[in-house]
Amino acid sequence: MGLATVTSEVSALPDPVPFGDRDFPSGCTLKVHGLAPRHEGVVLADLVPHLQVFPKLESWSARMRRASLRLPEPDADLLRQELQPILRPRRSVLGQYAI
């Protein structure tokens, strides 16, 4: 989990990118501002009732499985506020995410 800014449009990739047990056929470039140490991120399920992007609480996890999801600004602000205290420089924790 981390904080990043999307710096390009989301587009189809020539070859899907495997990550874990899924392949992602689209992507974009990001400017990563920081990462949370592995297993120390924000518990998204606890914030779902406060996020506009999930209007139907019972189906939030299905909506979350999309490769990309545009957040309303208030949602981005809330997530940024929750993440900020635990973020570390990318290079200091990136190795924890190797699969």
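Going by the structure above, here's the rest.
Just so it is clear, the model here is predicted, and its values are computed rather than measured.

1. Some points on the overall build of the protein chain
Broken down by element type, the protein chain carries four helices and four strands. Start at the N end of the protein chain and walk to the C end: the helices and strands fall as β-β-β-β-α-α-α-α. Taking all 99 residues of the protein chain together, 20% fall into the buried category. Look at the contacts in the protein chain between residues 6 or more apart in sequence, and 58% of them connect residues 24 or more apart. Summing over all exposed atoms, the protein chain offers an accessible surface of approximately 7,400 Å²; the carbon and sulfur share of this is 55%. Averaging the coordinates of the 12 positive side-chain charges in the protein chain and doing the same for the 11 negative ones gives two points 3 Å apart.

2. Description of the pattern of salt bridges
Under the counting rule described, the total for this entry stands at one salt bridge. In this structure, D77 and R80 form a salt bridge, with 2.8 Å as the shortest nitrogen-oxygen distance. Of this pair, D77 and R80 both sit in helix α3 (residues 73–83), three residues apart, which is roughly one turn of that helix. The exposure class assigned to D77 is partly exposed, which follows from its relative accessible area of 38%. A residue is classified by how much of its surface remains accessible, and R80, at 33% relative accessible area, is partly exposed.

3. Observations regarding the pairing of strand β2 (residues 11–19)
Within a regular strand, the side chains alternate between the two sheet faces. Little of β2 sits out of view: just zero of its nine residues are buried. Inspection of the sheet shows β2 paired to strand β3 (residues 22–27) by five bridges, in the antiparallel sense. Note on β3: the bridge partner recorded for V17 is F24. What sits between β2 and β3 in their antiparallel hairpin is a turn of two residues, with G20 showing a positive phi close to 65 degrees.

4. Observations regarding the packing of aromatic side chains
One pass over the structure, following the stated rule, counts one aromatic pair. Ring geometry for F54 versus W60: centroids 5.8 Å apart, planes at 65 degrees, classification edge-to-face. Look at W60 and you get partly exposed, because its relative accessible area is 22%.

5. A word on unusual backbone geometry
Residues other than glycine seldom take positive phi values, yet H39 does so here, at roughly 70 degrees. Inspection of the secondary structure assignment puts H39 in the loop between β4 (30–35) and α1 (44–47).

6. Comments concerning α3
Taken together, the buried positions of α3 are D75, A76, L78, L79 and L83. The buried residues of α3 all sit within an arc of 160 degrees when viewed along its axis, so they share a single face. For α3, the exposed residues lying more than 90 degrees away from the buried face are E73 and Q81. Each element contacted by the buried residues of α3 is listed here: β1 (2–6) and α1.

Parameters at a glance
Residues numbered from 1 in each chain as written. Predicted model: local features only at pLDDT ≥ 70, side-chain atom pairs only at ≥ 80, totals over all residues. Heavy atoms only, no water. Helix = DSSP H or I, 4+ residues; strand = E, 2+ residues; numbered from the N terminus. Buried < 20%, exposed > 50% of the residue type's maximum accessible area, 1.4 Å probe, protein only. Contact = heavy atoms within 4.5 Å. Areas by Shrake-Rupley, 256 points an atom, 1.4 Å probe, with all protein chains shown as cover. Lys, Arg positive; Asp, Glu negative; His and termini not counted. Charge placed at Lys NZ, Arg CZ, Asp CG, Glu CD. Salt bridge = Lys/Arg side-chain N within 4 Å of Asp/Glu carboxyl O. Pairing = 2+ DSSP bridges. Phe/Tyr/Trp six-rings, centres within 6.5 Å; stacked < 30°, edge-to-face > 60°. Arc of directions from axis to C-beta.

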